[in-house]
Structure formats: structure tokens, C-alpha cells
Amino acid sequence: MRRPALVLAVLLVLSGCGASADEGSPDPAGRAPAGEAPAGAPELQVETVADGLQNPWDVVQAPDGTLLVDERAGGLTAVLPDGTVREVRADFDDLFALGETGLMGLELDPAFEGNRRLYSCQGDRDGSIQVIAWTVAPDWSAATRAADPLVAGLPLNEEIGRHGGCRLQFAPDGALLVGTGDTADGSAPQDPESLGGKVLRVDAATGAVSVWTLGHRNVQGLAVRPGSGQVFSVEHGPDRDDEVNVLRDGGNYGWDPDGGGSYDESVPMTDPDIPGAVPAVWSSGVPTLATSGATFLDGDQWAGYDGLLVIGLLKEQGVLALRLDDAGGVTEQFRVPELDGTHGRIRSVRQGVDGALYVTTDNGDGADELLRVTPRL
């Protein structure tokens, strides 16, 4: 949605104009070569659903087909089923937006059709990251926040906003999963008392929080594999080894950058010296790709893409597709040709209730888009 020049200027200042060190900068000449799509993969059609966005972070689709997208520096935009693009009024006066932190993950309540409940994960000027519950108006004109945060006190890097996380995803058992970043605090990932560098389980009715997994660097993606109950996380590596992990209760995924009070990023993403550290099912090696949001493609219409885990790439500007065995091991990987370098940095990918793949770009300068990707008939 095109925004007034003054609003756009404010968004540019709040969100920052450059990419972080982890996420890299757009560099088409430096992209790794893309592999060919597998036999039976359909040609894809890519359409722009909304444009003029500034650093959109996540997208969700309601049961009625309405799409809701957020922007890191604050703002919600709805795309109605008839194509109307509408600003959703919401109170972001206390939003902390700096570097990698701001308005980040979105998720709809499983009972959204009845309760109109939406969740966001966002920085707050009180010095923390919070999960906020909202009630969305039936006509999508406004979202009203609950009086108190659903979850408060997630750590935040107030100096540069680094490693804020923060992906939301409902688990098959109804728990709201929250992927958090380590906020560049070397002790956080392995500290069971810290909520940084973790995947949390939250009771959306009560706000009760428990640590599900630990030893993460900066969880940017969470995806549930259809029909299996498996949950996969995606996170950035330092100068090597972006990771995809299969999560299990109590698992330690091995990130331990505690350098005696400093943040030592020379250590491995999965430290073999940590007893029981869970190895990644996929790792980028060198260089990193800046992996971000993830989703599974599900449905016969996807033909050769059906069942694949697809992951947004920021630095490498595209979408990575992974074919998995039953245990979650990777048997094939390639880059989706139609999205390889064609729309710049990809922040989030999510399959909608209508079966289409929705994609947010993250290039800045007020020129970002919400895309719809479907098999070409």
C-alpha cells in the first residue's frame, strides 16, 4: 500500500536503512548458483498483492481469505478478499524499532473465526520484547490490544536491536510457540533462566510460559510439518552455518557464545562439546544465506513441490526448498527458480488457507511487496 511521504520517511528512520551483519546486504553478483527444480515441479506464477510496504516482516491469512501483513517499524495492512488494501489502525506508540527488532512475528488464534484474536511479537520501549494479543474488528479497520501483554520480559538488545527473534507458530497441541533471539548476550542461549536464544511454549489462554528448547542463536522461522506434528526451526549462523533443526522437548541445539562475559561468535553453531547437543538437519556451511521464515507446501496442486519445506533467504535473495525424509533429514535441496533474485530479499514465506504461498520482501526504501505464488495452470 502506498503511504504518505511523511509517514514513509518516519518508517525509514525507525526501521534503519541497511541490513544487519547477520542478514547481509543485497548483492546479486555474490549469490550462490541455484539448483534446478525437481522433475514434476510446476511452473509458478508470482503476483504482487500489495506494494509500497516498508520492511514487512510477517503475513497471515484469515479463514475468510483476508491477508494481514505487518511492517517492522510499526503498521498493519489488510488485503481483503476483493483485493481492497486497507490500513488496520493499531496502537504502536510504545513500539521499540531498531536494527533487527520491531514489529515481527504474527499469528492468528486457531479459533480466530469466532474470537478475532491476533498475536504479535514486538519490541517495547520498556526494554523488553513482548507477545501482544489483539482483537481485530470484523471489517479489518482496526485492531485493539489487550490491556496486558500475553508474554512480557523477553530480552531485548537496546543498543542496536540485534537478534530479537521473533517468530510465532501454533503447535499441533495448541501451544503458541515463540522463537527468540539471544540478543547478542553470550550467556543467554545456555541459561535456562533466560528466555533469550530459546523456543518457548506459551498457553495462549493464561500466558503461562515454559522453555521448550534452548541453545539457539536467532530463531527466524518456525514451521509445522503437515500430518507429522514435527516442528522445524530456522536460524541465522554467524559467518557460517545457518541451520534448520527438528525441535524436540528439552533439546539443546548447541549455540554457546559465552566468551567469559563477551559474545564470542567464533564458536560452532552446534558445539560438539555440549553433552547431547542436537545436530542440525541442514546447515548452509560457508557462506551463510541468511535464512528466515519457513513454511511447508501442502496440497496436490503443488505437484513436485508438495511436502517441501521452503525457506526465505535474505542475503541470498530467494527461496530455498528442502525435501525431507520421515525423520526430517534432507534428501534434496534447490532454489525456487521463479523467486531466485527476482524480488530481492525474502523475509517470510507462509502457505495460506487458500493453498497459495505468500511471501514478504525486505529490501527497504518503501518498495517492498507482499507476493502470492501459485502453480501456473
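Cut-off values and rules
Residues numbered from 1 in each chain as written. Predicted model: local features only at pLDDT ≥ 70, side-chain atom pairs only at ≥ 80, totals over all residues. Heavy atoms only, no water. Phe/Tyr/Trp six-rings, centres within 6.5 Å; stacked < 30°, edge-to-face > 60°. Helix = DSSP H or I, 4+ residues; strand = E, 2+ residues; numbered from the N terminus. Buried < 20%, exposed > 50% of the residue type's maximum accessible area, 1.4 Å probe, protein only. Lys NZ or Arg CZ within 6 Å of the ring centre and 35° of its normal. Contact = heavy atoms within 4.5 Å. Pairing = 2+ DSSP bridges. Disulfide = S-S within 2.5 Å. Salt bridge = Lys/Arg side-chain N within 4 Å of Asp/Glu carboxyl O. Axes fitted to C-alpha atoms, helices over the stretch in contact; angles between N-to-C directions. Lys, Arg positive; Asp, Glu negative; His and termini not counted. Polar contact = N/O pair within 3.5 Å; in protein donor to acceptor, adjacent residues only side chain to side chain.

### Some words on the packing of aromatic side chains
All told, the structure shown has 6 aromatic pairs when counted by the stated rule. When the centroid spacing of 5.5 Å and the interplanar angle of 65 degrees are considered together, the rings of Phe232 and Phe296 count as edge-to-face. Taken together, the residues Phe232 in strand β16 (residues 231-235) and Phe296 in strand β19 (residues 291-296) connect sequence positions 64 residues apart. Accessibility assignment for this pair places Phe232 and Phe296 in one class, buried. Above the ring of Trp140, the side-chain terminus of Arg116 is found at 4.9 Å from the ring centroid.

### As for the environment of Ala37
Looking at the element boundaries, Ala37 is found in the loop between α1 (5-15) and β1 (44-53). Accessibility expressed as a relative area gives 29% for Ala37, which makes it partly exposed. Sequence separation between Ala37 and Ala367 is 330 residues, and the spatial gap between their C-alpha atoms is 28 Å. When residues no more than four places from it in sequence are discounted, the contact partners of Ala37 are Tyr305, Phe334 and Pro337.

### Overview of the pairing of strand β11 (residues 167-170)
It is a general feature of regular strands that their side chains alternate between the two faces of the sheet. Neither face of β11 is open: one carries Arg167 and Gln169, the other Leu168 and Phe170, and all of them are buried. With 4 bridges connecting them, β11 and strand β12 (residues 176-179) associate as antiparallel partners. Among the inter-strand pairings, Phe170 is bridged to a residue of β12, identified as Leu176. Here β11 folds back onto β12 in antiparallel fashion, the turn holding 5 residues, of which Gly174 has a positive phi close to 95 degrees.

### Let's talk about the state of the cysteines
A full pass over the atoms with the stated rule returns 1 disulfide. The disulfide partner of Cys121 is Cys166, and the gap between their sulfur atoms is 2.0 Å. Sign of the S-S torsion, about 65 degrees for the bond between Cys121 and Cys166, identifies this disulfide as right-handed. Separated by 45 residues along the polypeptide, Cys121 in strand β7 (residues 117-124) and Cys166 in the loop between β10 (151-155) and β11 bring together distant segments of the chain. Take Cys121 and Cys166: they sit in the same class, and that class is buried.

### What about the pattern of salt bridges?
Taken as a whole and judged by the stated rule, the model has 18 salt bridges. The salt bridge involving Arg162 is made with Glu265; its shortest N-O contact spans 3.0 Å. Placement of the pair is Arg162 in the loop between β10 and β11 and Glu265 in the loop between β17 (243-246) and β18 (282-283), with a sequence separation of 103 residues. Taking relative accessible area as the criterion, Arg162 reaches 16% and is therefore assigned buried. Overlapping salt bridges bring together Glu23, Arg72, Arg345, Arg347 and Asp362 as one network.

### Some words on the sheet that holds strand β21 (residues 318-324)
Within the open sheet, the 4 strands sit side by side as β19-β20-β21-β22. Their pairing is antiparallel. Two strands in the sheet have a free side with no partner beyond their single neighbour: β19 and β22 (330-335). The average angle at which neighbouring strand axes cross in this sheet is 25 degrees, direction not considered. Two strands pair when backbone bridges link them, and strand β20 (residues 309-313) and β21 are joined in this way by 5 bridges, in the antiparallel orientation. Within the sheet, the bridge partner assigned to Val310 lies in β21 and is Ala321.

### Digging into the sheet that holds β16
Within the open sheet, the 4 strands sit side by side as β15-β16-β17-β18. Their pairing is antiparallel. Each having just a single partner strand, β15 (219-224) and β18 make up the two edges of the open sheet. Bridge count for β15 against β16 is 5 bridges, and the pairing is antiparallel. Note that in β16 the partner of Ala223 across the bridge is Phe232.

### A few points about the side chain of Asp271
In this structure, Asp271 sits in the loop between β17 and β18. Buried and unpaired, Asp271 has Arg240 as its nearest opposite-charge partner, separated by 9.3 Å. A distance of 2.8 Å separates a polar atom in the side chain of Asp271 from the backbone nitrogen of Asp273.

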